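Architecture and fold: a report
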Amino acid sequence: MPYVSVIIPFFNSMKYLPETLTSILTQSYPSMEVLLVDDGSEPEQYSQLKKCAAQDSRIKLLQNKNPKGAAGARNTGIDVACGKFIFFCDADDQWPAEKIEKQVSFMIENEISATFHAYIRYSESTNRTLGSVITHEIVDFHRLLRNCPIGTSSVCIRRDSLEGLRFPNSPK
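Keep in mind it's a predicted model, so treat the numbers as computed, not measured.

The sheet contact formed by strand 2 (residues 32–38) and strand 3 (residues 59–63) spans 5 bridges and is parallel. Looking at the pairing, Val34 lines up with Ile59 of strand 3.

This is the structure we're talking about:
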């Protein structure tokens, strides 16, 4: 069972983080590290992050001293990730219990370097789902230029495929 890294960029999102972490830490796939990357949160929020990290040895808390935005926080996580497979999860997202297991198994069985999947959008203000975002089975460059339906929290990529590649900078 290959080790995986889950990277969570965080900026003052404590309201959502406990449910996000629960959905990750209770996955059917236990061989993981969770890299929680703080990107300049308020001191009280950072203090709460430290408490979260202390509750499970799989959580590693990282901190960008200068805010870099979500993309930069993901890059910080990539730089220290130990997993053979890297997952990204936003601090306000939740995953089904078998997400990691299914995605890793699919990638190994099909010798694929990266995967993504459909996802459900949810509105907190109306407490309703806004529907599913269905992605094409294969997304080429020209389609991405028109519209990118890939949700970052649906992506898994083999670490060795990321050599020299990082998210573009998008400062706050």
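What follows picks up the thread again.
Let us look at the sheet that holds strand 1 (residues 4–10). If you walk across this open sheet you meet the 6 strands as 3-2-1-4-8-5, and the pairing is mixed. Since the sheet does not close on itself, it has two edges, and those belong to strand 3 and strand 5 (114–115), each with one partner. Each of strand 1, strand 2 and strand 3 touches helix 2 (residues 43–54); the most contacted strand, strand 3, lies at about 155° to it. Strands in contact with helix 3 (residues 69–80) are strand 1, strand 2, strand 3 and strand 4 (85–88); relative to strand 1, the strand with the most contacts, it is inclined by about 150°.

Here we take up the environment of Tyr3. Its location among the elements puts Tyr3 in the segment before strand 1. Among the residues examined, Tyr3 registers a relative accessible area of 32% and is labelled partly exposed. A C-alpha to C-alpha distance of 5.8 Å links Tyr3 and Lys84, two positions 81 residues apart in sequence.

Judged by nonpolar contacts, the single largest core of 27 residues is most densely connected at Val6, Ile8, Leu17, Val34, Phe87 and Ile100. Residues in contact with Ile8, not counting those within four places in the same chain, are Leu17, Thr20, Leu21, Ile24, Val34, Leu35, Leu36, Val37, Cys89, Asp90 and Ala91. Counting residues in each nonpolar core, the second largest holds 11 residues, with Ala73, Ile78, Ala81 and Ile157 among its members.

Once that is clear, we can look at the pattern of salt bridges. All chains considered together, the criterion is met by 5 salt bridges. One salt bridge connects Asp56 with Arg58, and the closest N-O pair in it is separated by 2.9 Å. Judged by relative accessible area, Asp56 falls into the buried class, the value being 18%. Asp79 is the salt-bridge partner of Arg166, the closest N and O atoms lying 2.9 Å from each other. Note that Arg166 is positioned in the segment after strand 8 (156–158) and Asp79 in helix 3, a separation of 87 residues in sequence. A relative accessible area of 38% means that Arg166 is categorised as partly exposed.

The subject of this paragraph is helix 3. Under the 1.5 Å per step criterion, the end-to-end length of helix 3 is 17 Å for 12 residues, consistent within 8% with the ideal 16 Å. Counting buried residues in helix 3 gives 9 out of 12 residues, a clear majority hidden from the surface. Among the residues of helix 3, Gly69, Ala71, Gly72, Ala73, Arg74, Asn75, Thr76, Gly77 and Ile78 are the ones counted as buried. On its buried face, helix 3 sits against strand 1, strand 2, strand 3 and strand 4.

What counts and what doesn't
Residues numbered from 1 in each chain as written. Predicted model: local features only at pLDDT ≥ 70, side-chain atom pairs only at ≥ 80, totals over all residues. Heavy atoms only, no water. Pairing = 2+ DSSP bridges. Helix = DSSP H or I, 4+ residues; strand = E, 2+ residues; numbered from the N terminus. Contact = heavy atoms within 4.5 Å. Axes fitted to C-alpha atoms, helices over the stretch in contact; angles between N-to-C directions. Buried < 20%, exposed > 50% of the residue type's maximum accessible area, 1.4 Å probe, protein only. Core = buried A, V, L, I, M, F, W, Y, C linked by side-chain atoms within 4.5 Å. Salt bridge = Lys/Arg side-chain N within 4 Å of Asp/Glu carboxyl O. Expected span 1.5 Å × (residues − 1).

Function cannot be read off these values alone, since they describe shape.
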